[in-house]
Amino acid sequence: MELFGFGPHLMIDGYHANAAKLADPELVREVLDRLPEEMEMTKVLPPVVQRYPAALGQAEGITGVVIIAESHIAIHTFPAQRFISVDIFSCKEFDLGKALGYVVERFEIGRYETYLINRGKEYPKDVELARRIVAGEREYLQARVG
C-alpha cells in the first residue's frame, strides 16, 4: 500500500486476549523492546512500562511506550477485561500485517479490530502529491456542502 503524508498510524483494539499475558509487565516491555526491530525501525530509548492500580473508575492494567526514531509505539492492557490497545505511529511505511501478527501472537488476542490513518496529509514528503490530495478533498467537501 502506498501511503502519503507524514506516515501511518496503526491502532489495534484486541479482545479476548490472554489475561495473564496482559498482566505481565515484562512481556509488555519485551514486546516494546523487540517490535521496533521486527518492523525495521530504530529504538531511541528503552521502553518505559508502568503498572497502574484501579482508580477513578479505571481498571487495573499496564501502560508502556517506546520512543523510536520514526515516532512511537504504545501499549495499554486491561487484564480483567482481557482487552489491549496498541498504537504504532511511524513516519515511514512498515509491514502492517507483520506488526499486527506479532502483537496478536504475543498476547494471544482472540479477536481484534484495526484502524489505520495516514497522519499529516499535508506533510510535504511530495509537495505536488500533497497539494493534489488536499485540493481533491477540498473540492469533494465543497461539492457536498454546496
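**Re helix H3 (residues 96–107)**
- The end-to-end C-alpha separation of H3 is 17 Å, in line with the 16 Å expected for 12 residues at 1.5 Å each.
- Within H3 the residues assigned to the buried category are Ala99, Leu100, Tyr102, Val103, Val104, Arg106 and Phe107.
- Looking at the packing, one finds that the buried side of H3 touches strand E1 (7–15), helix H1 (19–22), helix H2 (25–38), strand E4 (71–78), strand E5 (83–90) and strand E6 (111–119).
- By the N-cap criterion, in which a side-chain oxygen at the helix start approaches the backbone nitrogen of a residue two or three places on, H3 is capped by Asp95, the distance to Gly97 being 3.2 Å.
- One or two steps after H3, the chain reaches Glu108, where phi turns positive at roughly 50 degrees.

**Some thoughts on the sheet that holds E1**
- Here we have six strands laid out as an open sheet, ordered E2-E3-E4-E5-E1-E6, and antiparallel in their pairing. Both edges of this open sheet fall to strand E2 (48–52) and E6, since each of them pairs with a single strand only. Across the sheet, the mean angle from the axis of one strand to that of its neighbour is 10 degrees, orientation sign disregarded.
- Relative to strand E3 (residues 61–68), E2 runs antiparallel, the two being bridged by five bridges. Bridge pairing in E3 places Arg51 opposite Ile62.
- Most of the contacts of H2 go to E3, to which it runs at about 20 degrees, and overall it touches E2, E3, E4 and E5.

**With respect to the pattern of salt bridges**
- Taken as a whole, this structure holds six salt bridges when the rule is applied.
- A salt bridge links Arg29 to Glu26; its shortest N-O distance comes to 3.5 Å. In this pair, Arg29 and Glu26 both sit in helix H2, three residues apart, roughly one turn of the helix.
- By relative accessible area, which is 46% here, Glu26 ends up partly exposed.
- Each of Glu30, Arg34 and Arg106 takes part in a single network of salt bridges with overlapping partners.

**As for the nonpolar core**
- Counting 28 residues, the largest nonpolar core has Met39, Ile73, Ile75, Ile88 and Phe107 as the members making the most contacts within it.
- When contributions to this core are tallied by element, the ones reaching two or more residues are E1, H2, E3, E4, E5 and H3.
- Counting residues per element, this core draws most heavily on H3, which supplies six residues.
- In this view, Met39 contacts Ile73, Ile88, Lys92, Phe94 and Ala99; residues no more than four positions away in its chain are not counted.

**Observations concerning the packing of H2 against H3**
- Contact pair H2 / H3: the axes reach a minimum separation of 11 Å and the direction vectors enclose 160 degrees. One finds that H2 runs roughly antiparallel with respect to H3. Remark: the crossing between H2 and H3 carries right-handed chirality. Two secondary-structure elements touch here, H2 through Leu27, Val28, Glu30, Val31, Arg34, Leu35 and Glu38 and H3 through Lys98, Ala99, Tyr102, Val103, Arg106 and Phe107.

Calculation notes
- Residues numbered from 1 in each chain as written.
- Predicted model: local features only at pLDDT ≥ 70, side-chain atom pairs only at ≥ 80, totals over all residues.
- Heavy atoms only, no water.
- Helix = DSSP H or I, 4+ residues; strand = E, 2+ residues; numbered from the N terminus.
- Expected span 1.5 Å × (residues − 1).
- Buried < 20%, exposed > 50% of the residue type's maximum accessible area, 1.4 Å probe, protein only.
- Contact = heavy atoms within 4.5 Å.
- Polar contact = N/O pair within 3.5 Å; in protein donor to acceptor, adjacent residues only side chain to side chain.
- Pairing = 2+ DSSP bridges.
- Axes fitted to C-alpha atoms, helices over the stretch in contact; angles between N-to-C directions.
- Salt bridge = Lys/Arg side-chain N within 4 Å of Asp/Glu carboxyl O.
- Core = buried A, V, L, I, M, F, W, Y, C linked by side-chain atoms within 4.5 Å.
- Parallel < 35°, antiparallel > 145°, perpendicular 65-115°, else oblique.
- Left-handed = near helix turned anticlockwise from the far one by under 90°.

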